[in-house]
Amino acid sequence: MDLILILTFAMLSLLVSGTVNAEKKIIIGTIEEIILLPWGVKLLARIDTGAAKSSLDARELTVQDDMVQFKLPKKYGGLQLRLPIIEWRHIRTPEGLERRPVVELEICLGSRRIRTEVNLADRSMVKYPLILGRNFRRKNFVVDVKRREPAPPSCPDIP
């Protein structure tokens, strides 16, 4: 019994100290270049430490049944996408609460392919088409606010 307690305590100590870590954290800046997969669309994302959720610029957004159809901004190819809505969320904006559809996307950031939820909204009045909020950063990223230059994505199997 004592041996089991000692081993359990030792394992917990290693986990808490960070010695045992399933994935190493990647350091990212406040602006990063990402690739939307599988479409290969490159765009700049703002890593927003104040935003709870991620948001993508979606133009000409229409909803039918449980699907949403929208276009990316012309600057990023104007690609038309059709994706299933996984849920609806109320998002706090400067104008108040706004109900937005949420979809799941796969993106390449740094050397990682990540599936993440993003809400869709017309972001034409802001500089960056994608905001990555705290829901994204929980996936083993640390933000270095001093890092100014975006790093190009380098996921395996992506040209």
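Below or above, wherever it landed, is the structure these notes cover. Everything numeric in this text was worked out from a predicted model, so none of it was measured.

## A look at the sheet that holds strand E5 (residues 59-64)
Part 1: Taken together, the 3 strands give an open sheet; going across it, the order is E5-E6-E7, and neighbouring strands pair in antiparallel fashion. Because the sheet does not close on itself, it has two edges, and the strands there are E5 and strand E7 (80-84). Averaged over all pairs of adjacent strands, the angle between their axes in this sheet comes to 15 degrees, without regard to strand direction.
Part 2: Here 5 bridges tie strand E6 (residues 67-71) to E7, and the two strands are oriented antiparallel to one another. When the sheet's bridge partners are listed, Val68 is paired in E7 with Leu83.

## Points about the nonpolar core
Part 1: Membership of the largest hydrophobic core comes to 28 residues, with the highest contact counts inside it found for Ile34, Leu36, Leu56, Phe70, Leu120 and Leu130.
Part 2: Among the elements of the structure, strand E1 (26-28), strand E2 (31-37), strand E3 (41-47), E6, E7, strand E9 (96-109), strand E10 (112-121) and strand E11 (130-132) are those that each provide at least two residues to this core.
Part 3: When sequence neighbours within four positions are dropped, the list of residues in contact with Leu120 reads Leu56, Ala58, Leu61, Val68, Phe70, Arg100, Pro101 and Val103.

## Notes on the pattern of salt bridges
Part 1: As enumerated under the stated definition, the model contains 10 salt bridges in all.
Part 2: Ionic pairing is found between Arg89 and Glu117, a salt bridge with its closest N-O pair at 2.4 Å. Of this pair, Arg89 sits in strand E8 (residues 87-93) while Glu117 sits in strand E10; the two residues are 28 residues apart in sequence, bridging distant segments of the chain.
Part 3: The salt bridge partner of Glu104 is Arg115, with a shortest N-O separation of 3.1 Å. Of this pair, Glu104 sits in strand E9 while Arg115 sits in strand E10, and the two are 11 residues apart along the sequence.
Part 4: The partly exposed category is assigned to Glu104, whose relative accessible area is 36%.
Part 5: Connected through shared salt-bridge partners, Glu104, Glu106, Arg113 and Arg115 make up one network.

## As for unusual backbone geometry
Across the chain, the bulk of peptide bonds are trans and the bulk of non-glycine residues have phi less than zero.
Part 1: Cis geometry marks the peptide bond from Leu37 to Pro38; its omega dihedral reads 5 degrees.
Part 2: Here Pro38 is to be found in the loop between E2 and E3.
Part 3: Unusually for a residue other than glycine, Glu60 sits at a positive phi of about 50 degrees.
Part 4: The phi dihedral of Asp65 falls on the positive side, at around 55 degrees, and the residue is not glycine.
Part 5: Mapped onto the secondary structure, Asp65 falls in the loop between E5 and E6.

Conventions we followed
Residues numbered from 1 in each chain as written. Predicted model: local features only at pLDDT ≥ 70, side-chain atom pairs only at ≥ 80, totals over all residues. Heavy atoms only, no water. Pairing = 2+ DSSP bridges. Helix = DSSP H or I, 4+ residues; strand = E, 2+ residues; numbered from the N terminus. Axes fitted to C-alpha atoms, helices over the stretch in contact; angles between N-to-C directions. Core = buried A, V, L, I, M, F, W, Y, C linked by side-chain atoms within 4.5 Å. Buried < 20%, exposed > 50% of the residue type's maximum accessible area, 1.4 Å probe, protein only. Contact = heavy atoms within 4.5 Å. Salt bridge = Lys/Arg side-chain N within 4 Å of Asp/Glu carboxyl O.

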